[in-house]
Number of protein chains: 2
Amino acid sequence: MIQKLTSEARAAELGQLDGWQVAEGRDAIARSLQFADFNEAFGFMTRVAIKAQEMDHHPEWFNVYNKVDITLSTHEASGVTGRDIALARFIDDVAKSVLRP
Amino acid sequence: MIQKLTSEARAAELGQLDGWQVAEGRDAIARSLQFADFNEAFGFMTRVAIKAQEMDHHPEWFNVYNKVDITLSTHEASGVTGRDIALARFIDDVAKSVLRP
């Protein structure tokens, strides 16, 4: 069974990610993203969805038009695990390739 | 400019839809759907996304694994319009074709 990260380990991993925070009132991590439009936002979601299915580890997410709010946690560990960090890293890579500074 | 439906017209339209309700505390309509798994849920979302883009009318939605919560309203009319009803009808048709009783 997968173990959740200690808060120290979670903080260290968060420091390596782009714009992720501890989700308010939950043992979960969250990031909000804003794209150019719906096409770009849903295209991003589709890439993440395919990866999530491959990992058998799925996000909670909310979308309206060009905005996507994502929350990651591992149900069976009741907290944040290495799986969430791996998916967050993938999300960061896709976001970086789409969102130009 | 598109006008929002009166509450009478909105109620009449809701009566023709499947499982839609007035969203709590908002002039919007909402439906929650549960699919077999993430593949089915995201496949459904993808069909709705393509339609939404074609209509230039986009949902607010939340997904976690096999669940999708959708809220529809028309920003520029500050309420529910015929566009929301049209998109809701499309969503019902797709849902019906996926969700077997």
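Residues numbered from 1 in each chain as written. Chains lettered and ligands numbered in written order. Predicted model: local features only at pLDDT ≥ 70, side-chain atom pairs only at ≥ 80, totals over all residues. Heavy atoms only, no water.

Per an unreviewed UniProt entry, chain A goes by the name Putative pterin-4-alpha-carbinolamine dehydratase and belongs to Paraburkholderia sartisoli. According to UniProt, the comment filed for chain A under the heading Sequence similarities (unreviewed entry) is "Belongs to the pterin-4-alpha-carbinolamine dehydratase family." One UniProt comment on chain A, placed under Catalytic activity (unreviewed entry), says "(4aS,6R)-4a-hydroxy-L-erythro-5,6,7,8-tetrahydrobiopterin = (6R)-L-erythro-6,7-dihydrobiopterin + H2O". (UniProt positions renumbered as here; feature names shortened; annotations may be inferred.)

Asks: An account of the pairing of strand E3 (residues 60–64) of chain B is requested, with residue identities and associated values reported.
Replies: By the bridge criterion, five bridges tie strand E3 (residues 60–64) of chain A to E3 of chain B in an arrangement that is antiparallel. Within E3 of chain B, the residue paired with Asn63 of chain A across the bridge is Trp61 of chain B. Note that E3 of chain B and strand E4 (residues 67–72) of chain B share five bridges and pair antiparallel. Bridge pairing links Phe62 of chain B to Asp69 of chain B in E4 of chain B. Counting the residues in the hairpin turn of E3 of chain B and E4 of chain B gives two residues, including Tyr65 of chain B, whose phi is positive at 50 degrees. (Pairing = 2+ DSSP bridges. Helix = DSSP H or I, 4+ residues; strand = E, 2+ residues; numbered from the N terminus.)

Asks: Please give an account of the side chain of Asn66 of chain A that cites residues and values.
Replies: Along the polypeptide, Asn66 of chain A turns up in the loop between E3 and strand E4 (67–72). When residues no more than four places from it in sequence are discounted, the contact partners of Asn66 of chain A are Leu33, Gln34, Phe35, Ala36, Asp37, Phe38 and Ala41 of chain A. (Contact = heavy atoms within 4.5 Å.)

Asks: I'd like a rundown of the pairing of strand E2 (residues 29–34) of chain B, residues and numbers included.
Replies: All names here are of chain B. The alternating pattern of E2 places Ile29, Arg31 and Leu33 on a buried face, while none of Ala30, Ser32 and Gln34, on the opposite face, is buried. Pairing of strand E1 (residues 21–22) with E2, which is carried by two bridges, proceeds in the antiparallel orientation. Its bridge partner lying in E2, Gln21 is registered against Ala30. Here E1 hands over to E2 after six residues, with Gly25 in that stretch at a positive phi of 70 degrees. Pairing analysis gives six bridges linking E2 to E4, with the strands arranged antiparallel. (Buried < 20%, exposed > 50% of the residue type's maximum accessible area, 1.4 Å probe, protein only.)

Asks: Which residues make up the sheet that holds E2 of chain B, and what values go with them?
Replies: With respect to topology, eight strands assemble into an open sheet ordered E1(A)-E2(A)-E4(A)-E3(A)-E3(B)-E4(B)-E2(B)-E1(B), the strand pairing being antiparallel. Edge positions in the sheet fall to strand E1 (21–22) of chain A together with E1 of chain B, since each has one partner strand and no second. Helix-sheet contacts for helix H2 (residues 38–55) of chain A involve strand E2 (29–34), E3 and E4 of chain A together with E3 of chain B, and the interaxial angle to E3 of chain A is about 165 degrees. The sheet contacts of helix H3 (residues 82–98) of chain A involve E2 and E4 of chain A, and relative to E2 of chain A the element is tilted by about 10 degrees. (Axes fitted to C-alpha atoms, helices over the stretch in contact; angles between N-to-C directions.)

Asks: Break down the packing of aromatic side chains for me, citing the residues and quoting the values.
Replies: According to the stated counting rule, one finds seven aromatic pairs over all chains in the structure shown. Their ring planes at 25 degrees and their centres at 5.8 Å tell us that Phe38 of chain B and Phe42 of chain B sit as a pair that is stacked. With Phe38 of chain B and Phe42 of chain B both in helix H2 (residues 38–55), this residue pair falls four residues apart, about one helical turn. Both residues of the pair, Phe38 of chain B and Phe42 of chain B, count as buried. The structure contains a cluster of three or more aromatic residues connected by ring pairs, namely Phe38, Phe42 and Trp61 of chain A together with Phe38, Phe42 and Trp61 of chain B. (Phe/Tyr/Trp six-rings, centres within 6.5 Å; stacked < 30°, edge-to-face > 60°.)

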